[in-house]
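So you can see what is in the structure, the chains are spelled out below.
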Amino acid sequence: MKDERSSTQEELSDLLVEERHFEPPEEFKALAYLRTGEIREKSWEDPEDFWGNAAKGLHWFKPWDRVLEWEPPNAKWFVGGKINACYNCCDRHIKAGQRNKAALIWEGEPGDSRVMTYWDLYREVNQFANALKSLGVKKGDRVAIYLPMIPEAVVSMLACARIGAIHSVVFGGFSAESLRDRINDAGAKVLITADGGYRRGQIIPLKHDADYAVKETPSIEHVVIVRRGDFPLRVKAGRDHWYHRLIQEAASYCEPEQCDSEDILYILYTSGTTGKPKGIVHTTGGYLVGTYTTTKHIFDLHHDDVFWCTADVGWVTGHSYLVYGPLAAGATCVMYEGAPDWPDRDRFWAIIEKYGVSIFYTAPTAIRAFMKWGDKWPDQHDLSTLRLLGSVGEPINPEAWMWYHEHIGRASCPIVDTWWQTETGMIMISTLPGVDRMKPGSAGPPVSGVRVALYNSQGQEVKTGGGLLAITYPWPAMLRGIWGDPERYQEQYWSKWENIYFAADGAKRSEDGYFTLLGRVDDVLNIAGHRIGTMEVESALVDHPAVAESAAVGIKHEIKGQAIVAFVTLKEGHKFSTEVEADLKEHVVQKIGPIARPERIVFSADLPKTRSGKIMRRLLRDIGEGKILGDTTTLADATIVERLKQQYEEQEDA
Ligand code: PRX
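The rules behind the values
Residues numbered from 1 in each chain as written. Predicted model: local features only at pLDDT ≥ 70, side-chain atom pairs only at ≥ 80, totals over all residues. Heavy atoms only, no water. Pairing = 2+ DSSP bridges. Helix = DSSP H or I, 4+ residues; strand = E, 2+ residues; numbered from the N terminus. Axes fitted to C-alpha atoms, helices over the stretch in contact; angles between N-to-C directions. Contact = heavy atoms within 4.5 Å. Near = heavy atom within 4 Å. Polar contact = N/O pair within 3.5 Å; in protein donor to acceptor, adjacent residues only side chain to side chain. Areas by Shrake-Rupley, 256 points an atom, 1.4 Å probe, with all protein chains shown as cover. Nonpolar A, V, L, I, M, F, W, Y, C, P; charged D, E, K, R; others polar. Parallel < 35°, antiparallel > 145°, perpendicular 65-115°, else oblique. Left-handed = near helix turned anticlockwise from the far one by under 90°. Buried < 20%, exposed > 50% of the residue type's maximum accessible area, 1.4 Å probe, protein only. Lys, Arg positive; Asp, Glu negative; His and termini not counted. Salt bridge = Lys/Arg side-chain N within 4 Å of Asp/Glu carboxyl O. Phe/Tyr/Trp six-rings, centres within 6.5 Å; stacked < 30°, edge-to-face > 60°. Lys NZ or Arg CZ within 6 Å of the ring centre and 35° of its normal.

Draft legend 1. Expanded view of the pairing of strand E5 (residues 113–117). Summarising the sheet, strand E4 (residues 102–107) and E5 pair through five bridges and their orientation is antiparallel. Bridge pairing in E5 places Ile-105 opposite Val-115. Between E4 and E5, which pair antiparallel and follow one another directly, the connecting turn spans five residues, one of which, Gly-111, has a positive phi of 110°.

Draft legend 2. How the structure looks around the sheet that holds strand E31 (residues 600–603). Pairing is mixed across the open sheet formed by three strands, whose spatial order is E29-E30-E31. The sheet is open, and its two edges are formed by strand E29 (547–557) and E31, each paired on a single side. For this sheet the average axis-to-axis angle between neighbouring strands, irrespective of direction, equals 25°. Pairing geometry for strand E30 (residues 561–570) and E31, over four bridges, is parallel. Bridged to Ala-566 within E31 is Ile-601. Contacts from helix H20 (residues 578–591) reach E29, E30 and E31, with the element oriented near 125° to E31.

Draft legend 3. View of the site of the ligand. With respect to spatial proximity, 17 residues lie near the ligand, and among them Asp-417, Thr-418, Thr-422, Asp-505 and Arg-531 are the closest. The backbone of Thr-418 places a nitrogen or oxygen atom 2.8 Å from a nitrogen atom of the ligand. One of the side-chain N or O atoms of Gln-421 is found 2.9 Å from an oxygen atom in the ligand. Contact with the protein chains covers 96% of the free accessible surface of the ligand, which is 540 Å². For the shell around the ligand, the elements supplying multiple residues, two or more each, are helix H13 (316–328), strand E20 (415–418) and strand E26 (515–520). The residue makeup of the shell around the ligand, split by class, is six nonpolar, six polar and five charged.

Draft legend 4. Summary view of the packing of helix H21 (residues 617–624) against helix H22 (residues 639–653). With their axes 10 Å apart at the nearest point, H21 and H22 run at an angle of 30° to one another. What the angle tells us is that H21 and H22 run roughly parallel. Note on packing geometry: the crossing formed by H21 with H22 is right-handed. Contacts from Leu-619, Leu-620, Ile-623 and Gly-624 in H21 reach Val-641, Leu-644, Lys-645 and Tyr-648 in H22. Tallied by class, residues from the contact of H21 with H22 come to six nonpolar, one polar and one charged.

Draft legend 5. Region of the structure containing the environment of Ser-510. Mapped onto the secondary structure, Ser-510 falls in the loop between strand E25 (501–509) and E26. Along the primary structure Ser-510 and Pro-445 are separated by 65 residues, whereas in three dimensions their C-alpha atoms are 9.9 Å apart. Excluding its chain neighbours within four sequence positions, the residues that come into contact with Ser-510 are Lys-439 and Thr-464. Only 2.6 Å separates the side chain of Ser-510 from the side chain of Asp-512, close enough to count as a polar contact.

Draft legend 6. Looking closely at the side chain of Glu-109. Among the structural elements, Glu-109 can be located in the loop between E4 and E5. Of the side chains with opposite charge, Arg-199 comes closest to the buried, unpaired Glu-109, at an N-O distance of 5.4 Å. Here Gly-201 takes part through its backbone nitrogen, which lies 2.8 Å from a polar atom of the side chain of Glu-109. Residues in contact with Glu-109, not counting those within four places in the same chain, are Tyr-198, Arg-199, Arg-200, Gly-201, Arg-228, Tyr-336, Glu-337, Gly-338, Ala-339, Trp-342 and Arg-347.

Draft legend 7. Representation of the packing of aromatic side chains. The full count for this structure, using the stated rule, is 41 aromatic pairs. Here the aromatic rings of Trp-60 and Phe-78 are separated by 5.4 Å at their centres, their planes lie at 55°, and the arrangement is tilted. Taken together, the positions of Trp-60 in the loop between helix H4 (47–55) and strand E1 (66–71) and Phe-78 in strand E2 (residues 74–79) put the pair 18 residues apart, joining distant regions of the chain. Overall, the relative accessible area of 12% leaves Trp-60 in the buried class. For the ring pair Phe-61 and Tyr-87, a centre distance of 5.4 Å and an interplane angle of 65° mean the geometry is edge-to-face. Here Tyr-87 lies in helix H5 (residues 85–89) and Phe-61 lies in the loop between H4 and E1, a separation of 26 residues in the sequence. An aromatic cluster of three or more residues is present, and its members are Trp-308, Tyr-336, Phe-348, Trp-349, Phe-360, Phe-370 and Trp-373. Here the basic side chain of Lys-439 rests over the ring of Tyr-514, its NZ or CZ set 4.5 Å away from the ring centre.

Pasting the structure below:
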């Protein structure tokens, strides 16, 4: 606890000086879906009543008997209700006369594009759902999806949902080994991948990596390949199938499965404090109600909005706010395949101008990069269609907030800073754009139907000031468990306080009830808005034949928020060299993927440890950030850190 508190306090003092605030612009307010906080106030008193009403906006084959059944730590929402997520994202809109509305406006990195209306999406999803059935996929089976940001990724997710299969999307930037581990953990029967995808003009050879992965995944029976380019690959007869051929051969209608509200919709892997990623389990009814409702309230979604959430479908933000939330709400969504700086640093602004994007949702890491690239890039484009901006994934520093507000929002768009997690499934803390005052750097109050509080580790509530973020009442999109590991679920989230969810984030609450997030309090890194366990990086390093022991820490990074610095001790007979350093970085990339590439590797004869042998990452962080070393009295050998600090600086100079 000690190191958590000291770092929290330092960040507190930084942020306390922030006094700027902004009211929602009058023009925005005049047309906003919600103009007062009345519904929200009431919802905090009676969340079940609020969610029960919200759920009526969706289509249910059979209505629920009870809104919530709460037997901590297990919640069931809309008990007895029958629903299908795909039906709500496609069929419902077609039946409501919206078949010709654009569902997805997709742009590939090389500049190709495709618009899918709700009818196009419906037709392709139906065909692919039948194709999956023809490959033997049944309700409850797991399907792994390892695709670039192409429409087929959305089609695949919805096709699984249509037949009640559970999808597990693996980010296309993950390595073959990461893919293999996730497939094996979930026991997936089918893998959907592509020949490749574009990133900064290069081709990411997904099928090639997938081939490596499936060498060691006994559960995989079939591999479906989407043809994105004309990239070379090997097709294994009997096992591999082309997506376009399957679709051509499939019947055009597939009856949607009448799923139980609590049937699993998907598994999504995220990092925890141990080496093994956790398969976060989300179910159908509650998740859909939560994402649908927050899409409407927080993004103030109107019929003619063009909504662009820049997140990859491989992350929860892509699941909730590129696919399920906006499509359930009948929105037009922009989807872009590639990098923001390809071919130039104005690609995002060019896309906004081209399609008339009105709601733009991105991450602080991207905003900081845009800031660094300079104003001239957005200034070249007409961004006047934008009316609302959003931020997610990590704390947004007030400077980045101000830049976003002025240069992208032209001081006339509200900004919603949305706090949530893979586990929460939906936005939990955010201002309402037509109601609340905005304070740069502060996310705001909890959303409707959600109760959030701060506690100290003794379990006492902290009304104002700093504490640990807790969710004190169940919410519909909450995780229902960790795939195959109920004990870890209980232990990780529900054991700190009784019947209260522990988010592992530090925050402070001001008198007006706004929460300002301060970052993780466990050993989980947040690199460019993506969670990576220190243990994952350490395990990857120790896997290298030259490494004896390692400790990974996140240090402040101008663009990425945090960057990984790994401290490494080598085995006897191995010597430090720049080649070894490069080799180790590559090894981590190969094991986990490029997002986990350490910024620096520091070689050291020893690592600072407590007397019980625990590596003191807090001290390593201090060294990495060039700070005065904190308390070293609990160290087994206090001289190690001094030597290490000196060595760190020497290596930096060299
Ligand atoms: O530390 C918080 C940070 O991201 C973590 C959740 O990461 P993940 O499950 O990968 O989901 C990211 C997208 C929802 C949180 O525990 N985080 C997320 N949003 C914010 C944030 N920190 C501060 N402000 C936010 N708006």
